[in-house]
Amino acid sequence: MLGNTTYSQLENPSNKTELNIENWPVVGKLSAGQDFEINLGPAGFGVVYDTKQQPWIYVEKTDQTAAPSHCFVRANQQFVQPISAK
């Protein structure tokens, strides 16, 4: 759940939820080098844009049980790099 909205509702093009993700509360921190899986969405892109047109990715799950999941991470190439599935 993302506030009062589920991720599937955010994916729906007819949904009018404002994606001011940059103002949503921080729920945790991913460690450097930590692997996580993203939700690619129906089009397979995996990126959503906030109200300032900054890219974010939705973390579906992480490789550590104590790490945050079901949350957004700023998609900054300085900090996040794709890896191929094993």
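Residues numbered from 1 in each chain as written. Predicted model: local features only at pLDDT ≥ 70, side-chain atom pairs only at ≥ 80, totals over all residues. Heavy atoms only, no water.

As enumerated under the stated definition, the model contains two aromatic pairs in all. Taking 5.8 Å as the distance between ring centres and 65° as the angle between the ring planes, the aromatic pair formed by tryptophan 24 and phenylalanine 72 counts as edge-to-face. Here tryptophan 24 is found in the loop between helix H1 (7–11) and strand S1 (36–38), whereas its partner phenylalanine 72 is found in strand S4 (residues 71–74), with 48 residues between them in sequence. On the basis of relative accessible area, tryptophan 24 is assigned to the partly exposed category, the value being 25%. Ring geometry for tyrosine 58 versus phenylalanine 72: centroids 5.2 Å apart, planes at 65°, classification edge-to-face. Linking tyrosine 58 in strand S3 (residues 55–62) with phenylalanine 72 in strand S4, this pair joins segments that are 14 residues apart in sequence. With relative accessibility at 13%, the residue phenylalanine 72 sits in the buried group. Feature note: the residues Trp24, Tyr58 and Phe72 constitute an aromatic cluster, connected by ring pairs. (Phe/Tyr/Trp six-rings, centres within 6.5 Å; stacked < 30°, edge-to-face > 60°. Helix = DSSP H or I, 4+ residues; strand = E, 2+ residues; numbered from the N terminus. Buried < 20%, exposed > 50% of the residue type's maximum accessible area, 1.4 Å probe, protein only.)

In this section: unusual backbone geometry. Residue glutamine 53 is not a glycine yet carries a positive backbone phi of 65°. Turning to its location among the elements, glutamine 53 is positioned in the loop between strand S2 (47–49) and S3. With a relative accessible area of 56%, glutamine 53 lands in the exposed category.

Below, the discussion takes up the confidence of the model for the protein chain. For the protein chain, mean pLDDT is 76; residues scoring 70 or higher make up 81% of the total. Per-element confidence in the protein chain is highest for S4, whose mean pLDDT is 83, and lowest for H1, whose mean pLDDT is 70. (pLDDT = per-residue confidence, 0-100.)

With respect to the element layout, aspartate 50 can be found in the loop between S2 and S3. In this structure aspartate 50 is buried but unpaired, with arginine 74 as the nearest side chain of opposite charge at 5.5 Å. Within polar-contact distance, the side chain of aspartate 50 engages the backbone nitrogen of lysine 52 at 2.8 Å. At a separation of 2.8 Å, a polar atom in the side chain of aspartate 50 contacts the side chain of tryptophan 56. Not counting residues up to four positions away in its chain, the partners in contact with aspartate 50 are Leu19, Ile21, Glu22 and Trp56. (Lys, Arg positive; Asp, Glu negative; His and termini not counted. Salt bridge = Lys/Arg side-chain N within 4 Å of Asp/Glu carboxyl O. Polar contact = N/O pair within 3.5 Å; in protein donor to acceptor, adjacent residues only side chain to side chain. Contact = heavy atoms within 4.5 Å.)

Okay, the environment of phenylalanine 45 next. Inspection of the secondary structure puts phenylalanine 45 in the loop between S1 and S2. On a C-alpha basis, the gap between phenylalanine 45 and isoleucine 57 in space is 9.3 Å, while along the polypeptide they are 12 residues apart.

Mapped onto the elements, glutamine 34 comes out in the loop between H1 and S1. Polar side-chain contacts of glutamine 34 include one of 2.9 Å to the backbone nitrogen of serine 31.

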